[in-house]
Amino acid sequence: MEQREHLLMNSACVSAEDDVDIGAAVEDDLGKSREGSRTDDEVVQREEEAIQLDGLSAAQVKEIREKAEKHAFQAEVNRMMKLIINSIYKNKEIFLRELISNSSDALDKIRLLSLTDETALAENEELTIKIKCDKEKNMIHITDTGIGMTKDELIKNLGTIAKSGTSEFLNKINQMQEEGQSTSELIGQFGVGFYSSFLVSDRVIVTSKHNNDTQYIWESDSNEFSVIEDPRGNTLGRGTTVSLVLKEEASDFLELETIKTLVKKYSQFINFPIYVWTSKTETVDEPVEEEETKEKDEDTDEEAAVEEEDEEKKAKTKKVEKTVWDWELMNDIKPIWQRPSKEVEENEYKEFYKTFSKDYEEPMTYIHFTAEGEVTFKSILFVPANAPRGLFDEYGTKRNDFIKLYVRRVFITDDFHDMMPKYLNFVKGVVDSDDLPLNVSRETLQQHKLLKVIKKKLVRKTLDMIKKLSDEAYTEKFWKEFGTNIKLGVIEDHSNRTRLAKLLRFQTSHHQTELSSLEQYVERMKEGQDKVYFMAGPSRKEAETSPFVERLLKKGYEVLYLTEPVDEYCIQALPEFDGKRFQNVAKEGLKFEENEKLKAKWEALEKEYEPLTNWMKEKALKDQIEKAVLSQRLLESPCALVASQYGWSGNMERIMKAQAYQTGKDISTNYYASQKKNF
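All of these numbers come straight from a predicted model, not from anything done at the bench. All residue numbers here refer to positions counted from 1 along the written sequence of the relevant chain. Totals for whole chains, interfaces and linings use all residues, but because this is a predicted model, local features are given only for residues with pLDDT of at least 70 and pairs of side-chain atoms are given and counted only at 80 or more. Note that the side-chain values use all heavy atoms of the structure and ignore hydrogens as well as water.

(A) Summary view of the overall build of the protein. Tallying secondary structure elements over the protein gives 24 helices and 24 strands in all. Three labels apply to residues, based on accessible area from a 1.4 Å probe with only protein chains included: buried if under 20% of the type maximum, exposed if over 50%, partly exposed otherwise in between. For the protein, with 679 residues in total, the buried portion stands at 48%. Across the protein, contacts joining residues at least 24 apart in sequence account for 74% of those joining residues at least 6 apart. Areas reported here follow the Shrake-Rupley algorithm with a probe of radius 1.4 Å; residue values treat only the protein chains shown as occluding. Summed over all atoms, the accessible surface of the protein reaches about 36,000 Å², with 45% contributed by carbon and sulfur. Going along the chain from the N terminus, every DSSP run of H or I of four or more residues is numbered as a helix, and every run of E of two or more is numbered as a strand. The contact criterion used throughout is that any non-hydrogen atoms of two residues lie within 4.5 Å.

Quick look at the structure:
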């Protein structure tokens, strides 16, 4: 009971105003009643008092609307709201999920700020989300004690969105509708969840107080919006209340059981307490009326009179049933990553992934582990089913915001440069460590030596997770989505190059459609073959019809076909695999195993044609080729230009010349490009 009273003393209750369009006043004295709870009559009385103190009369509401700054929504916002309302109308309940998610983000921000600014929580140390339904006024209020918004932020955050986001959202919705998939999960991905409020509301009122500004009211009917300073002053302390004036057909969302069910459904993995203002019936002791205690029989004997005198000294009560209102906690579940993996169901992992990643699809795979040693931390990592949009936009400069770092269950940031290497920028997950310092800035934490240890272990666990995928799942799903990332990893990650090389897949001459790993290639190598042969080209057809592979294929050697622009870079960064070096068949150095008889025959041919090769080098093609030699690689083609060992192959030259930022002034580029070829 003491704990509940303490909770109530530190809570803020949203109460309805006189006018339906202005939302809730926040009471400062919730819990001051004797038992920390109120009956229906007490609630009405307290709310009337709050209206007298903090509320706005109908005349004041009218005056506010006349004086408020009117703004038109950005064209993209109007378009986005129409998209949301027209495409997601079948699943209106998601508005609550999105508003809870926004509140959670606001609480994360103020908690992070409080780690380095001790005054950040001065107005209110409580970090909660509270939801209250007001049937009489047809409203729902969602209040958080998060960071809040200034006037400028209200206009910017709720009135504008990126144009590119609208286009992508429209394209994705059209694609999913064509495929017959649900579009309701898309909103969170594009950061436009707030506008889902208009799925159920005729009008939305946002009251917000930021530490650096006064309290403001933002109001909209979805056609335009207005902003004005709140004449009630600072009633929130800090945070935001979103008040929804519900449409007639959305009245079901005013039912307590409906709201409680939805909150439990969407808040299971939110790391802040979420309360719903709810009622329950309790049996309590109440004083008995004086008339009821009056003696009915005055003709009692002296002994009975003495007993009655003793009983009158005690309070006379009776048992009665009362409706009691209180804040009920909806999400008291321990964070999923803190629970032993054997106690977590597979479906819980999938739901958690959808909640924190805002992805509408289930993950391709996941791993839940506890790392121990120099640093101890718990983590869950996920590979999404599809590559995130813009995966390679600003590759290497864009921060990885898919890994959320917690220190002792406190969210710190998802805004690190180096939480995961660049090539694993698609991995999503959470990391929670007790060993990292809590009260330091993000910049200081980013330089912490233990983060490097964490990063190293995350990479190893990620590669283990990928390696455990079945061959079919890996080839059909993972490689199609993230194959380029693995190739970039071979180029960039020297310490894990061997592990990554085992994950590579390429087309080969062994099969027309199936991809092969390097391990499979080595297993199929001919006896005496000491090199892995590869041919790079813009397509498989060009690679397999190239003059360079004629004799190799005739002799039964398997050739890797590198058809992606990054492939040749990848193989060049890989010195060897399983003791076998790589040989680009478009470069010099290609030799076949020969016996003494064949060797002598070849030397005789070279001597016979020496006058011709010398003439070509010194006269016919002077200054254009490095040398002219007899070829062992050709079968039907009369001749071919072969790159020198350190020059560019024809394929690499094509790729480099196609670079968007190619200027011709780079010294190393000019060196490789100027290398003469062998004829």
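What follows continues from the structure just given.
(B) Focus on helix H14 (residues 449-467). Between its first and last C-alpha atoms H14 spans 28 Å; for 19 residues at 1.5 Å apiece the expected length is 27 Å, and the two agree. Those residues of H14 lying buried are Leu450, Leu451, Val453, Ile454, Leu458, Val459, Thr462, Leu463, Met465 and Ile466. Working rule for helices: expected span equals 1.5 Å times residues minus one.

(C) Quick peek at the sheet that holds strand E6 (residues 201-209). Spatially, E3-E8-E7-E6-E9-E5-E4-E10-E11 is the arrangement adopted by the 9 strands of the open sheet, whose pairing is mixed. Across the chains shown, the open sheet's two edge strands, defined by having one partner strand only, are strand E3 (69-72) and strand E11 (317-329). The average undirected angle you get between the axes of adjacent strands in this sheet is 25°. Only strands that DSSP links by at least two bridges are regarded as paired with each other. Two strands pair when backbone bridges link them, and E6 and strand E9 (residues 239-246) are joined in this way by 8 bridges, in the antiparallel orientation. Following the sheet pairing, Val204 is matched in E9 by Leu244. Set on the sheet, helix H5 (residues 94-114) makes contact with strand E4 (129-134), strand E5 (139-144), E9 and strand E10 (274-287); between it and E5 the angle comes to about 25°. Helix axes are fitted only over the stretch in contact, all axes being lines through C-alpha atoms; the angle between N-to-C directions runs from 0 to 180 degrees. Relative to the sheet, helix H9 (residues 256-267) contacts E4, E5, E10 and E11, its axis offset from that of E10 by approximately 130°.

(D) Fine view of the sheet that holds strand E19 (residues 531-536). Here we have 6 strands laid out as an open sheet, ordered E18-E17-E20-E19-E22-E21, and mixed in their pairing. Two strands lie at the open edges of the sheet, namely strand E18 (511-516) and strand E21 (576-577), each paired on one side alone.

(E) Inspection of a positive patch on the surface at higher detail. What goes into a patch is any residue over 30% in relative accessible area without a salt bridge, connected to like charges within 9 Å or, for nonpolar side chains (Val, Leu, Ile, Met, Phe, Trp, Tyr), within 5 Å. What makes a salt bridge here is a side-chain nitrogen of Lys or Arg within 4 Å of a carboxyl oxygen of Asp or Glu, nothing more. Counting rule for charge: Lys and Arg are taken as positive, Asp and Glu as negative, and neither His nor the chain ends is counted. To locate a charge, take atom NZ for lysine, CZ for arginine, CG for aspartate or CD for glutamate. A cluster of like positive charges, contributed by Lys456, Arg460, Lys467, Arg499 and Lys502, occupies part of the molecular surface. Examining the composition of the positive patch, we find that 3 residues originate from one element, H14, more than from any other. On the basis of relative accessibility, which here comes to 61%, the residue Lys467 falls in the exposed class.

(F) Main features of the pairing of strand E14 (residues 403-407). By the criterion of burial, E14 is predominantly enclosed, with 5 of the 5 residues buried. Side-chain alternation along E14 places Ile403, Leu405 and Val407 on one buried face and Lys404 and Tyr406 on a second face that is also buried. In this sheet, strand E16 (residues 428-433) lies alongside E14 in parallel orientation, the contact comprising 5 bridges. Note on E16: the bridge partner recorded for Leu405 is Val431. Across 3 bridges, E14 lies against strand E15 (residues 410-413) in antiparallel orientation. Directly across from Val407, in E15, lies its bridge partner Val410. Taking the residues that link successive antiparallel strands as the turn, the E14-E15 hairpin has 2 residues, and the phi of Arg408 there is positive, at about 55°.

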